[in-house]
Amino acid sequence: SQKIEQNSEALNIQEGKTATLTCNYTNYSPAYLQWYRQDPGRGPVFLLLIRENEKEKRKERLKVTFDTTLKQSLFHITASQPADSATYLCALVEARGSTLGRLYFGRGTQLTVWP
Amino acid sequence: DTAVSQTPKYLVTQMGNDKSIKCEQNLGHDTMYWYKQDSKKFLKIMFSYNNKELIINETVPNRFSPKSPDKAHLNLHINSLELGDSAVYFCASSQDLPIYSGNTIYFGEGSWLTVV
């Protein structure tokens, strides 16, 4: 069956450290992988996109890697701040089959950055 | 200005009732969606419209009926509400289908539906 798994439901780190979130997928052929941030009571907000032929993407303190052999994406937040506390969702766009073009989400990892 | 707006934000209703959630986007996008987020925070696509045409219907009970009067609006009507329909419903839009350059999806703030 198809699955998108994010490493843990919750991740707690100290301010200033690097947060690393993991997204693993099974039985998908993603054309793209996206990361979103969701704050309590709000809708998800797009952060970064990485294509299947890209290894790494950066945006300010954010970095995403994509390894299609391992079927995994890593999302890094460097110099983390309490304001980074939120739920981070991994999502992929299916490239093949009857579900071509559909965007599927993982359950998310709730990140808490403490001072 | 809110890019994707949906109303109502909160809705409490009894089993068996019929209710609608409205959504509008002012981004000029061609594609709109309805997603459902359950109590375990799992975000799952329900419907997708491209240029007012239904392109994705993800095994949703036919009690749920989307309607797109124009490209900027996608409403969700739910008949005979059940307890299991309680969830947060998110409307969203993108410039085009995600398969084209992995278009960013813009979400509304969500509509909290509680069926009692």
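Above this text sits the structure in question.
Since we're looking at a predicted model, the values are computed, not measured.

**Observations concerning the overall build of chain B**
Move 1: In terms of helices and strands, chain B carries zero helices and 11 strands.
Move 2: The linear arrangement of helices and strands in chain B, starting from the amino end, is β-β-β-β-β-β-β-β-β-β-β.
Move 3: A compact globule built from 116 residues should have a C-alpha radius of gyration of about 13 Å, and chain B, at 13 Å, falls within 12% of that.
Move 4: Counting all 116 residues of chain B, 47% fall into the buried class.
Move 5: By sequence separation, contacts in chain B at least 24 residues apart represent 55% of the contacts at least 6 residues apart.
Move 6: Summing over all exposed atoms, chain B offers an accessible surface of approximately 5600 Å²; the carbon and sulfur share of this is 49%.
Move 7: Charge centroids of chain B, computed over 11 positive and 12 negative side chains, lie 6 Å from each other.

**Some words on the sheet that holds strand S1 (residues 3–6) of chain A**
Residues and elements named next belong to chain A.
Move 1: As summarised here, the arrangement of the five strands in space is S1-S3-S8-S7-S6, forming an open sheet in which the pairing is antiparallel. A single partner strand is all that each edge strand has here, and the edge strands are S1 and strand S6 (56–59). Taken over all neighbouring pairs, the strand axes of this sheet differ in orientation by 15° on average, direction set aside.
Move 2: Taken together, the four bridges between S1 and strand S3 (residues 19–26) define a ladder with antiparallel strand orientation. Bridge pairing links Gln6 to Cys23 in S3.

**Looking at the interface of chain A and chain B**
Many descriptions give the size of an interface as the accessible area lost when the pieces come together.
Move 1: The interface is formed by 23 residues belonging to chain A together with 23 residues belonging to chain B.
Move 2: Both faces considered, chain A and chain B share a buried interface measuring about 1900 Å² in area, 56% of it formed by carbon and sulfur atoms.
Move 3: As a salt-bridge pair, Glu58 of chain B and Arg102 of chain A come within 2.0 Å of each other at their nearest N and O atoms.
Move 4: In this structure, the connection of chain A to chain B is made through four residue pairs in polar contact (both at pLDDT 80 or more).
Move 5: Listing elements by their share of the side of chain A that touches chain B, those giving two or more residues are strand S4 (30–38), strand S5 (45–51), strand S9 (86–94) and strand S10 (103–105) of chain A.
Move 6: Element by element, the count of residues in the side of chain A that touches chain B is highest for S4 of chain A, at five residues.
Move 7: Across the side of chain A that touches chain B, the residue classes break down as 13 nonpolar, five polar and five charged.

**Digging into the pattern of salt bridges**
Two side chains bearing opposite charge may form a pair once their charged atoms approach each other closely.
Move 1: A full pass over the atoms with the stated rule returns nine salt bridges over all chains.
Move 2: Among the salt bridges present, the one from Arg58 of chain A reaches Glu56 of chain A, with a minimum N-O distance of 2.9 Å.
Move 3: A relative accessible area of 58% means that Arg58 of chain A is categorised as exposed.
Move 4: Linked by salt bridges that have partners in common, Arg63, Glu82 and Asp85 of chain B make up one network.

**Some details on the sheet that holds strand S8 (residues 73–78) of chain B**
One key point about sheets: their strands pair by backbone hydrogen bonds, in either a parallel or an antiparallel sense.
Residues and elements named next belong to chain B.
Move 1: Reading across the sheet, the four strands line up as S1-S3-S8-S7 and stay open at both edges, with antiparallel pairing between neighbours. Since the sheet does not close on itself, it has two edges, and those belong to strand S1 (4–7) and strand S7 (64–70), each with one partner. When strand polarity is set aside, the average angle formed by the axes of neighbouring strands in this sheet is 20°.
Move 2: Where strand S3 (residues 19–25) meets S8, four bridges bridge the pair, whose relative direction is antiparallel. The partner of Ser20 across the bridge, within S8, is His77.

**Description of the state of the cysteines**
Joining two cysteines, a disulfide is a covalent bond between their sulfur atoms.
Move 1: Under the defined criterion, the tally for this structure stands at two disulfides over all chains.
Move 2: With a sulfur-sulfur separation of 1.9 Å, Cys23 of chain A is cross-linked through a disulfide to Cys90 of chain A. Taking the torsion about the sulfur-sulfur bond, which here is approximately -55°, the covalent link between Cys23 of chain A and Cys90 of chain A counts as left-handed. Of this pair, Cys23 of chain A sits in strand S3 while Cys90 of chain A is found in strand S9, placing the two residues 67 residues apart along the sequence.
Move 3: For Cys23 of chain A, a relative accessible area of 0% puts it in the buried group.
Move 4: Note on cysteine connectivity: Cys23 of chain B is disulfide-linked to Cys91 of chain B, with sulfurs 1.8 Å apart. One disulfide, between Cys23 of chain B and Cys91 of chain B, carries an S-S torsion of -80° and so falls in the left-handed class. Of the two residues, Cys23 of chain B is situated in strand S3 and Cys91 of chain B in strand S9 (residues 87–94); the sequence distance between them amounts to 68 residues.

Rules used throughout
- Residues numbered from 1 in each chain as written.
- Chains lettered and ligands numbered in written order.
- Predicted model: local features only at pLDDT ≥ 70, side-chain atom pairs only at ≥ 80, totals over all residues.
- Heavy atoms only, no water.
- Helix = DSSP H or I, 4+ residues; strand = E, 2+ residues; numbered from the N terminus.
- Rg over C-alpha atoms; globule rule 2.2 N^0.38 Å.
- Buried < 20%, exposed > 50% of the residue type's maximum accessible area, 1.4 Å probe, protein only.
- Contact = heavy atoms within 4.5 Å.
- Areas by Shrake-Rupley, 256 points an atom, 1.4 Å probe, with all protein chains shown as cover.
- Lys, Arg positive; Asp, Glu negative; His and termini not counted.
- Charge placed at Lys NZ, Arg CZ, Asp CG, Glu CD.
- Pairing = 2+ DSSP bridges.
- Axes fitted to C-alpha atoms, helices over the stretch in contact; angles between N-to-C directions.
- Buried area = accessible area lost by both parts, 1.4 Å probe.
- Salt bridge = Lys/Arg side-chain N within 4 Å of Asp/Glu carboxyl O.
- Polar contact = N/O pair within 3.5 Å; in protein donor to acceptor, adjacent residues only side chain to side chain.
- Nonpolar A, V, L, I, M, F, W, Y, C, P; charged D, E, K, R; others polar.
- Disulfide = S-S within 2.5 Å.

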